[in-house]
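Here is how the chains run, residue by residue.
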Amino acid sequence: LPLLVHTRRLVSESLRMYSPAWLVTRQAVSDVRLGEFTLPAGSDVIWSAYALHRDPELYPDPLRFDPDRWLPERPQPPKGAFVPFGSGKRMCIGDTFAWTETIIITALIASRWRLRPTPGTVRPVGAISTHPSSLQMVPELRHHTVVGKAR
Ligand code: HEM
């Protein structure tokens, strides 16, 4: 897993641009100051990793899918600017598992298959989680793969 650095960058960039949890909620348990706003106890707060991850002050050219922005030699976003799994006490408990499975599954599929999208526009849809409006692809077996044998 630690050797799959390119796949990790791809997954990081996907989580940045298309955070599955695009809206996260909190409720103020006491009066709280948030930047220039004072929120009374009981206020509902909705924040969006999807929007935060597209802020040009945090991510240059934010609408460009660029896995190499995660190269260690490139400037990294400040603490708190990359939060696909939330933050604080209620942060996702499955984050390590999700990173692990997503990287392994992506690398496994991509090592055997080339997935060519069919023509058409794919939009991100924000429901409970973010998902593609439609994602039809034609799988092509990569030449070096021996069907039915694990490599
Ligand atoms: C790409 C995959 C996933 C994403 C993007 C994701 C994202 C999130 C986010 C944003 C939250 C809310 C965090 C907050 O309020 O600050 C959350 C909560 C949670 N997630 Fe995930 N999650 C993922 C996968 C998983 C998996 C695989 C599990 C379980 C194995 C899991 C279990 C949970 C649980 C139990 C909570 C509630 C934690 C709490 O309220 O204390 N998640 N997740």
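Each remark here, short or long, concerns the structure printed above.
Described in the following lines is the structure provided in the data block. (Residues numbered from 1 in each chain as written. Predicted model: local features only at pLDDT ≥ 70, side-chain atom pairs only at ≥ 80, totals over all residues. Heavy atoms only, no water.)

Examining the site of the ligand
Turning to step 1, where the next piece is worked out: Lining the immediate environment of the ligand, one finds 15 residues, of which Val 24, Arg 26, Ser 87, Arg 90 and Cys 92 sit closest.
Turning to step 2, where the next piece is worked out: Contact between the ligand and Arg 90: an oxygen atom at 2.8 Å from a side-chain N or O atom of the residue.
Turning to step 3, where the next piece is worked out: Among the secondary structure elements, those contributing two or more residues to the shell around the ligand are β1 (24-27) and α3 (95-112).
Turning to step 4, where the next piece is worked out: Classifying every residue of the shell around the ligand by side-chain character gives ten nonpolar, three polar and two charged. (Near = heavy atom within 4 Å. Polar contact = N/O pair within 3.5 Å; in protein donor to acceptor, adjacent residues only side chain to side chain. Helix = DSSP H or I, 4+ residues; strand = E, 2+ residues; numbered from the N terminus. Nonpolar A, V, L, I, M, F, W, Y, C, P; charged D, E, K, R; others polar.)

Examining the pattern of salt bridges
Two side chains with opposite charge may pair up if their charged atoms get near one another.
Turning to step 1, where the next piece is worked out: One pass over the full model with this rule turns up seven salt bridges.
Turning to step 2, where the next piece is worked out: Arg 69 is the partner of Glu 13 in a salt bridge, and the nearest nitrogen-oxygen pair spans 3.0 Å. Linking Glu 13 in helix α1 (residues 5-17) with Arg 69 in the loop between α2 (49-52) and α3, this pair joins segments that are 56 residues apart in sequence. Each member of the pair, Glu 13 as well as Arg 69, is classed as buried.
Turning to step 3, where the next piece is worked out: Ionic pairing is found between Arg 74 and Asp 66, a salt bridge with its closest N-O pair at 3.0 Å.
Turning to step 4, where the next piece is worked out: Looking at Arg 74, the relative accessible area reads 34%, which means it is partly exposed.
Turning to step 5, where the next piece is worked out: For Asp 66, a relative accessible area of 9% gives the class buried.
Turning to step 6, where the next piece is worked out: Through salt bridges that share partners, Asp 61, Arg 64, Asp 66 and Arg 74 make up one connected network. (Salt bridge = Lys/Arg side-chain N within 4 Å of Asp/Glu carboxyl O. Buried < 20%, exposed > 50% of the residue type's maximum accessible area, 1.4 Å probe, protein only.)

Considering the packing of aromatic side chains
Turning to step 1, where the next piece is worked out: According to the stated counting rule, one finds three aromatic pairs in the structure shown.
Turning to step 2, where the next piece is worked out: Between Phe 85 and Trp 99 the ring centres are 6.0 Å apart and the planes differ by 50°, which places this aromatic pair in the tilted class. Of this pair, Phe 85 sits in the loop between α2 and α3 while Trp 99 sits in helix α3, and the two are 14 residues apart along the sequence.
Turning to step 3, where the next piece is worked out: Note on Phe 85: relative accessible area 16%, which makes it buried.
Turning to step 4, where the next piece is worked out: Put simply, the rings of Tyr 59, Trp 70 and Phe 82 touch in pairs and so form one group of aromatic residues.
Turning to step 5, where the next piece is worked out: Seen from the ring of Trp 99, Arg 8 lies directly overhead, with NZ or CZ sitting 5.4 Å from the centre. (Phe/Tyr/Trp six-rings, centres within 6.5 Å; stacked < 30°, edge-to-face > 60°. Lys NZ or Arg CZ within 6 Å of the ring centre and 35° of its normal.)

Some points on the nonpolar core
Turning to step 1, where the next piece is worked out: Counting residues in each nonpolar core, the largest one holds six residues, listed as Val 11, Leu 15, Phe 85, Ala 98, Trp 99 and Ile 103.
Turning to step 2, where the next piece is worked out: For this core, the secondary-structure elements that each account for two or more residues are α1 and α3.
Turning to step 3, where the next piece is worked out: A total of three residues in this core trace back to one element, the largest contributor, which is α3. (Core = buried A, V, L, I, M, F, W, Y, C linked by side-chain atoms within 4.5 Å.)

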